[in-house]
Amino acid sequence: ELLIKENIIPIFQLRKNVYGSAFKVSLQLVPHQLSLYILGTSDRLLLDAYKVNTAQIGIYNQGYGLGSYASYLINGVFRALARFFHEAFRSSDESTHLQLRKYIIFTPFSINVLLALVCLWMKEIYAFLFAKPELQTGYPIAIVIMSSYMFWSLYTLFTYPLIIQK
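The sections below set out a description of the structure shown in this document. (Residues numbered from 1 in each chain as written. Predicted model: local features only at pLDDT ≥ 70, side-chain atom pairs only at ≥ 80, totals over all residues. Heavy atoms only, no water.)

Thoughts on the packing of helix 3 (residues 54–67) against helix 7 (residues 139–159)
Phase 1: Put simply, helix 3 and helix 7 touch, their axes get as near as 7 Å, and they point 35° apart. Relative to helix 7, the crossing made by helix 3 is right-handed. When helix 3 is examined against helix 7, the residues I59, Y60, G63, Y64, L66 and G67 are found in contact with a partner set consisting of I141, A142, I145, M146 and Y149.
Phase 2: A class-by-class count of the residues in the contact of helix 3 with helix 7 yields nine nonpolar, two polar and no charged. (Axes fitted to C-alpha atoms, helices over the stretch in contact; angles between N-to-C directions. Helix = DSSP H or I, 4+ residues; strand = E, 2+ residues; numbered from the N terminus. Left-handed = near helix turned anticlockwise from the far one by under 90°. Contact = heavy atoms within 4.5 Å. Nonpolar A, V, L, I, M, F, W, Y, C, P; charged D, E, K, R; others polar.)

Side note on the nonpolar core
Phase 1: One finds I74, F78, F85, L115, M122 and M146 to be the most contacted residues of the largest nonpolar core, which totals 21 residues.
Phase 2: The set of elements that each furnish at least two residues to this core consists of helix 4 (69–90), helix 5 (94–120), helix 6 (122–129) and helix 7.
Phase 3: Not counting the four nearest positions on each side in its chain, I74 is found in contact with I111, L115, Y149, W152 and S153. (Core = buried A, V, L, I, M, F, W, Y, C linked by side-chain atoms within 4.5 Å. Buried < 20%, exposed > 50% of the residue type's maximum accessible area, 1.4 Å probe, protein only.)

Topic: unusual backbone geometry
Across residues other than glycine, the phi torsion is negative in most instances, and most of the peptide bonds are trans.
Phase 1: We note that K51 has phi near 50°; this positive angle belongs to a residue other than glycine.
Phase 2: Along the chain, the position of K51 falls in the loop between helix 2 (16–49) and helix 3.
Phase 3: Taking relative accessible area as the criterion, K51 reaches 70% and is therefore assigned exposed.

With respect to the packing of aromatic side chains
Phase 1: With the rule as written, the count across this model stands at six aromatic pairs.
Phase 2: Consider the rings of Y60 and Y64, whose centres lie 5.9 Å apart with planes at 40°: the pair is tilted. Of this pair, Y60 and Y64 both sit in helix 3, four residues apart, which is roughly one turn of the helix.
Phase 3: Seen in terms of ring centroids, Y126 and F130 are 5.1 Å apart; in terms of plane orientation they differ by 50°. Their pairing is tilted.
Phase 4: Of the aromatic side chains, those joined through ring pairs into one cluster are F84, F85 and Y103. (Phe/Tyr/Trp six-rings, centres within 6.5 Å; stacked < 30°, edge-to-face > 60°.)

A word on the environment of G67
Phase 1: In this fold, G67 is placed in helix 3.
Phase 2: Residue class for G67 comes out buried when judged on its relative accessible area of 0%.
Phase 3: Along the sequence, G67 and P140 sit 73 residues apart, while their C-alpha atoms lie 9.5 Å from each other.
Phase 4: For G67, the contacting residues outside a window of four places in its chain are A142, I145, M146 and Y149.

Written as structure tokens, this is what we have:
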């Protein structure tokens, strides 16, 4: 009602310079984000295409859910280090760059060691979490998913400097 009273209407003019500069940045991100979407949904499409029964889909979903907890760990670590990384990459101080180098080596190494240990103990973790033996069969899926997140931590760390501008 207020929009009608005040005669507020959207502007339908297209300014090429504004949209051109926006597309220069955003179009490069489309394949990257599309690949993440495809990775997130392709497993469900394949399970439907091969007509996997509901019980096995549930076990797969359980393993995928438990294995994807690694992403929470990785996101938390990188959010905690984000400010330091920004300041260190922009700094011209040699000691800050040396400290940044130590973080870049130590962070993915420690994440991968921790996730590898969790993967080694996944069968026992499943035995502790799930009493029914048929629910304990999803641990190989959790191992595969968690192992994939080990490489995702490396990808995240090494692409991080690309988004930082001086």
